[in-house]
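Remarks on the overall topology
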Amino acid sequence: KLFQLDPMLAGLLRRLHDELRFDLVHAHHYEGLLVASHALGETPIVYDAHTLLSGELPTYRLGLPRSLVRAVAPHLDRHVPRRAHHTIAVSETIRDALARLGASDPRRLHVIPNGVELLGSADGHRVAADGRTVIFTGNLAPYQGVDLLLGAFAVLRVRRTDARLLIATDSSFDPYEALARRLGVRNAIELHRAAFPEQSALMATAAVAVNPRVQCDGIPQKLLNYMAAGMPIATFDGSAGPIRHEVTGLRVPDGDAAALAAAIERLLADRELAQRLGAAAREQARRDFSWARVAARVEDVYRAALAEGR
């Protein structure tokens, strides 16, 4: 990908720019910024920073020594964003890190969160009648904390033998089959291959949504999707983003599978609490993360970049 597909993408962007003369390019993540900066000359680039490589890169299986990856990642965080004219950080954590590293001019560094579609009915989510299904959506990459999710679910099953885990993903579950069987929970796990539009219906069948990711400099999109669907949420602190404990969800210490299990159990047992947290989360998603609000703020950055370019 890095040595073949990305150079091909840079070539395509260069040819299209020669034909269409783009006014501005919105570059998503580090690879988008590298492609745009190699393909274009003085055309303004707005870099969309969704994460920091120092936190994310070591979680990937790159076939390189982990110590080398950990050493290179901060260097990339420091130097690659300098190629952009303006930077949009999805969280204050990313904004503060880029400013501290001198990677972006603070005057051209903006905090704008992700947008999200409001999922489900106009009234939001209603806690499922059976009160026993826990849902996880998204890919099953190592950084997602699926091993911790399974550990928490095993603890939960000791206390709630009727509990079920619904995993909606396009990823293969093969890397976790052995762990699920060793923990004795595989027969209580249901796998669904579901595209994004289908996830709303699946969430409507669940009582609790879980985010087992331990560390995220940005905001996990699944978390915003849960909020937009009005789901009661249990999450680790390190990736909780906008979730306020006891207000829009339940937060627990990073990596503590027993605490995550306890939070899930509490939401399964206390329907009134679950409904209240889910409704508050959906209202925050509507108020702060709607595409209308987010897009308007992004357009302001476009206008600033274009005005400087001219």
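Please read these numbers as outputs of a predicted model, since none were measured by experiment.

Rules behind the numbers
Residues numbered from 1 in each chain as written. Predicted model: local features only at pLDDT ≥ 70, side-chain atom pairs only at ≥ 80, totals over all residues. Heavy atoms only, no water. Phe/Tyr/Trp six-rings, centres within 6.5 Å; stacked < 30°, edge-to-face > 60°. Helix = DSSP H or I, 4+ residues; strand = E, 2+ residues; numbered from the N terminus. Buried < 20%, exposed > 50% of the residue type's maximum accessible area, 1.4 Å probe, protein only. Axes fitted to C-alpha atoms, helices over the stretch in contact; angles between N-to-C directions. Parallel < 35°, antiparallel > 145°, perpendicular 65-115°, else oblique. Contact = heavy atoms within 4.5 Å. Nonpolar A, V, L, I, M, F, W, Y, C, P; charged D, E, K, R; others polar.

Let's talk about the packing of aromatic side chains
In the structure shown here, the tally under the stated rule is two aromatic pairs. Centre to centre, the rings of Tyr30 and Tyr47 are 5.6 Å apart; their planes meet at 70°, and the pair counts as edge-to-face. Linking Tyr30 in helix α2 (residues 29-39) with Tyr47 in strand β2 (residues 45-49), this pair joins segments that are 17 residues apart in sequence. Both residues of the pair, Tyr30 and Tyr47, belong to the buried class. Relative to Tyr176, the ring of Phe173 has its centre 6.0 Å away and its plane inclined at 40°; by these criteria the two rings are tilted.

Side note on the packing of helix α10 (residues 257-269) against helix α11 (residues 271-288)
Direction vectors running N to C along α10 and α11 enclose 100°, while the axes themselves pass 5 Å from each other. Between α10 and α11, the crossing angle belongs to the class labelled roughly perpendicular. Between α10, through Arg266, Leu267, Leu268 and Ala269, and α11, the contact on the second element is made entirely by Arg271, Leu273, Ala274 and Leu277. Of the residues contributing to the contact of α10 with α11, the split by class is six nonpolar, no polar and two charged.

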